[in-house]
Amino acid sequence: MVDTLGVAVVGFGWMGRVHTQAYARVRHHYPRLSLVPELVTVAEEVPGRAEEAAAQFGFASTTRDWREVVADPRIKAVSITAPNFLHREIGVAMAEAGKHIWIEKPVGLTAEDAGAVADAVTKAGVQGAVGFNYRNAPAVEAARELIASGEIGTVTHVRIRLFSDYAAHPEGALTWRYERERGGSGVLGDLASHGTDLARHLLGDITSLTADTAIFLPERARPTGATAGHSRASGGEIGPVENEDYVSCLLRFASGARGVLEACRVSVGEQNNYGFEVHGTKGAVFWDFRRMNELGISRGTTYQDQSVTTVYVGPGHGEFAAFQPGAANSMGYDDLKVIEAYRFLRSVAEGTPHGATLTDAVHSAAALDAMARSASSGAWAEVTVDA
């Protein structure tokens, strides 16, 4: 038997669109899913945007006030894709109203914000999923299994990189993303949050770290109208960029492994250069998001001059079989959000978490807070997660 689940999307920028498309596609890839999402309401304060979304995707209703979603009994689950500074307020309110939430990282501005949403989800007994989409790549899941199996030996060190040019243009608009009050951290929350989640997902808990940050484009023009994504602006009032463009970080793991994490949003010549290199005592595994369905694997007993083999992931890896019938057929970014939607809906149907949870968000946010403390003090910082 198949039941419907009334869903709402709060915030309809690019990520709100991605969530909506994932809801629309999820039953195509997972026909046995026992819950069918029904698009009830889209909430967006920018005039006209919600109406455009409803016309395109078939939402039954629209609103400019997300609080109407809280009070709507038709809605049982909510995607929260609004700006970071609203995550805590909206997330807590939705959970307290008994609604399951799929919320984008970094879940607020601080670990305290993420913890407040996690507590609300736990107390309400609802499910909470978080948008750490890169862990859903079948190749990443294969790498995790490879590491856990011991095939590359004991992990010694990892390097994680997240380089992009989305904020590299000097005419990039001074939106909420660049303000401390509304965006919180800069590249920490935007990209390094994915890096800390991947690090923990692959290697276990991070115990301490030391970080350095920098702002390379200190001023931008304020937009004169509504923006979506990473818009450009010129001629507007010039204002300061308040959060970091770049971070580099040394990591220590509970396992004894060491790591390097580097992220930048103003890397000219880099488009979504995200990936990792994990080294062990007997081998290594390499992943590049731009070649999302491939893994570089070195394993064996030769140690020195040991070769690296390219492996194309296929139906036996992660959720690949829900999208393609054979190895080396391509998957893309939006497919990762379909997997995320599936795991969220499965969590709701079964009452058991599947995929990234609010606990994962709290751990990621604790590492980001430690990075900020370390960059400010110049010293190593402990990564502490409140019980």
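Let us look at the structure shown here. Here the structure is a predicted model, which is why all the values come from computation and not from measurement.

**Details of the overall build of the protein**
For step 1, the next point in the chain: When helices and strands are tallied, the protein shows ten helices and 17 strands.
For step 2, the next point in the chain: A globule of 387 residues ought to have a C-alpha radius of gyration of about 21 Å, and the protein, at 21 Å, matches this closely.
For step 3, the next point in the chain: With the principal axes as the frame, the protein shows a C-alpha extent of 65 × 55 × 40 Å.
For step 4, the next point in the chain: Counting only contacts in the protein whose residues sit at least 6 apart along the sequence, the fraction spanning at least 24 positions is 70%.
For step 5, the next point in the chain: Approximately 16400 Å² of the protein is accessible, and the part contributed by carbon and sulfur atoms is 47%.
For step 6, the next point in the chain: Of the charged side chains in the protein, 35 are positive and 46 negative, and the gap between their average positions amounts to 3 Å.

**Points about the pairing of strand 15 (residues 294–298)**
For step 1, the next point in the chain: Taken across its five residues, strand 15 has five buried, putting it largely inside the fold.
For step 2, the next point in the chain: Burial of the side chains of strand 15 extends over both faces: Glu-294, Gly-296 and Ser-298 are buried on one face and Leu-295 and Ile-297 on the other.
For step 3, the next point in the chain: Relative to strand 15, strand 14 (residues 284–288) runs antiparallel, the two sharing three bridges. If you follow Ala-284 over to strand 15, its bridge partner there is Ser-298.
For step 4, the next point in the chain: Between the antiparallel neighbours strand 14 and strand 15 lie five residues.

**Structural notes on the packing of aromatic side chains**
For step 1, the next point in the chain: Going through the model one piece at a time under the given rule, you end up with 14 aromatic pairs.
For step 2, the next point in the chain: Ring plane angle 90 degrees and centroid distance 6.4 Å describe the contact between Phe-12 and Phe-59, whose orientation is recorded as edge-to-face. Note that Phe-12 is positioned in the loop between strand 1 (3–10) and helix 1 (14–29) and Phe-59 in the loop between helix 2 (49–57) and strand 3 (61–63), a separation of 47 residues in sequence. This pair shows no difference in class: Phe-12 is buried, exactly as Phe-59 is.
For step 3, the next point in the chain: Over the ring of Trp-380 we find Arg-252; its NZ or CZ atom is 3.8 Å from the centre of that ring.

**A closer look at unusual backbone geometry**
For step 1, the next point in the chain: A cis amide bond links Lys-105 with the next residue in sequence, Pro-106, at an omega value of 10 degrees.
For step 2, the next point in the chain: Considering the arrangement of structural elements, one finds Pro-106 in the loop between strand 5 (100–103) and helix 5 (111–124).
For step 3, the next point in the chain: The phi dihedral of Asn-272 falls on the positive side, at around 50 degrees, and the residue is not glycine.
For step 4, the next point in the chain: Looking at where Asn-272 falls in the secondary structure, it is placed in the loop between strand 12 (258–264) and strand 13 (273–280).
For step 5, the next point in the chain: Positive phi, normally seen in glycine, also occurs at Tyr-303, with a value near 60 degrees.

**With respect to a nonpolar patch on the surface**
For step 1, the next point in the chain: A cluster of nonpolar side chains, namely Leu-250, Val-260 and Trp-380, defines an oily patch on the protein surface of about 250 Å² accessible area.
For step 2, the next point in the chain: Positionally, Val-260 belongs in strand 12.

**Side note on the side chain of Asp-360**
For step 1, the next point in the chain: Looking at the secondary structure, you find Asp-360 in helix 10 (residues 358–377).
For step 2, the next point in the chain: In contact with Asp-360, other than residues within four places in its own chain, are Phe-132, Arg-135, Asp-197, Arg-200 and Gly-355.

**Looking at the state of the cysteines**
For step 1, the next point in the chain: According to the stated counting rule, one finds zero disulfides in the structure shown.
For step 2, the next point in the chain: Cys-249 carries a free sulfur, and the closest cysteine sulfur to it, the one in Cys-264, is 15 Å from it.
For step 3, the next point in the chain: Residue classification places Cys-249 among the buried positions, given a relative accessible area of 2%.
For step 4, the next point in the chain: Its relative accessible area of 5% is what places Cys-264 among the buried residues.

**Here we look at the pattern of salt bridges**
For step 1, the next point in the chain: All told, the structure shown has 28 salt bridges when counted by the stated rule.
For step 2, the next point in the chain: Here Arg-88 makes a salt bridge to Asp-113, at a shortest N to O gap of 2.9 Å. With Arg-88 in helix 4 (residues 87–96) and Asp-113 in helix 5, the pair connects residues that are 25 residues apart, well separated along the chain.
For step 3, the next point in the chain: The partner of Arg-290 in a salt bridge is Asp-288, and the shortest N-O contact between them spans 2.8 Å.
For step 4, the next point in the chain: You can call Asp-288 buried: its relative accessible area is 17%.
For step 5, the next point in the chain: Connected through shared salt-bridge partners, Arg-135, Asp-197, Arg-200, Asp-205 and Asp-360 make up one network.

**Some points on the side chain of Asn-133**
For step 1, the next point in the chain: In this fold, Asn-133 is placed in the loop between strand 6 (128–130) and helix 6 (138–149).
For step 2, the next point in the chain: Only 3.3 Å separates the side chain of Asn-133 from the side chain of Lys-337, close enough to count as a polar contact.
For step 3, the next point in the chain: Each residue touching Asn-133, except ones within four places of it in the same chain, is listed here: His-194, Tyr-333, Leu-336, Lys-337 and Glu-340.

**What about the packing of helix 4 against helix 5?**
For step 1, the next point in the chain: Their axes nearest at 8 Å, the elements helix 4 and helix 5 cross at an angle of 5 degrees. Regarding the angle of helix 4 to helix 5, the classification is roughly parallel. Residues His-87, Arg-88, Gly-91, Val-92 and Ala-95 of helix 4 lie in contact with helix 5, whose contacting residues are Glu-112, Asp-113, Ala-116, Val-117, Ala-120, Val-121 and Ala-124.
For step 2, the next point in the chain: The residue inventory of the contact of helix 4 with helix 5, partitioned by class, reads seven nonpolar, two polar and three charged.

Definitions and limits used
Residues numbered from 1 in each chain as written. Predicted model: local features only at pLDDT ≥ 70, side-chain atom pairs only at ≥ 80, totals over all residues. Heavy atoms only, no water. Helix = DSSP H or I, 4+ residues; strand = E, 2+ residues; numbered from the N terminus. Rg over C-alpha atoms; globule rule 2.2 N^0.38 Å. Contact = heavy atoms within 4.5 Å. Areas by Shrake-Rupley, 256 points an atom, 1.4 Å probe, with all protein chains shown as cover. Lys, Arg positive; Asp, Glu negative; His and termini not counted. Charge placed at Lys NZ, Arg CZ, Asp CG, Glu CD. Buried < 20%, exposed > 50% of the residue type's maximum accessible area, 1.4 Å probe, protein only. Pairing = 2+ DSSP bridges. Phe/Tyr/Trp six-rings, centres within 6.5 Å; stacked < 30°, edge-to-face > 60°. Lys NZ or Arg CZ within 6 Å of the ring centre and 35° of its normal. Patch = residues over 30% accessible without salt bridge, like charges linked within 9 Å, V, L, I, M, F, W, Y side chains within 5 Å. Salt bridge = Lys/Arg side-chain N within 4 Å of Asp/Glu carboxyl O. Disulfide = S-S within 2.5 Å. Polar contact = N/O pair within 3.5 Å; in protein donor to acceptor, adjacent residues only side chain to side chain. Axes fitted to C-alpha atoms, helices over the stretch in contact; angles between N-to-C directions. Parallel < 35°, antiparallel > 145°, perpendicular 65-115°, else oblique. Nonpolar A, V, L, I, M, F, W, Y, C, P; charged D, E, K, R; others polar.

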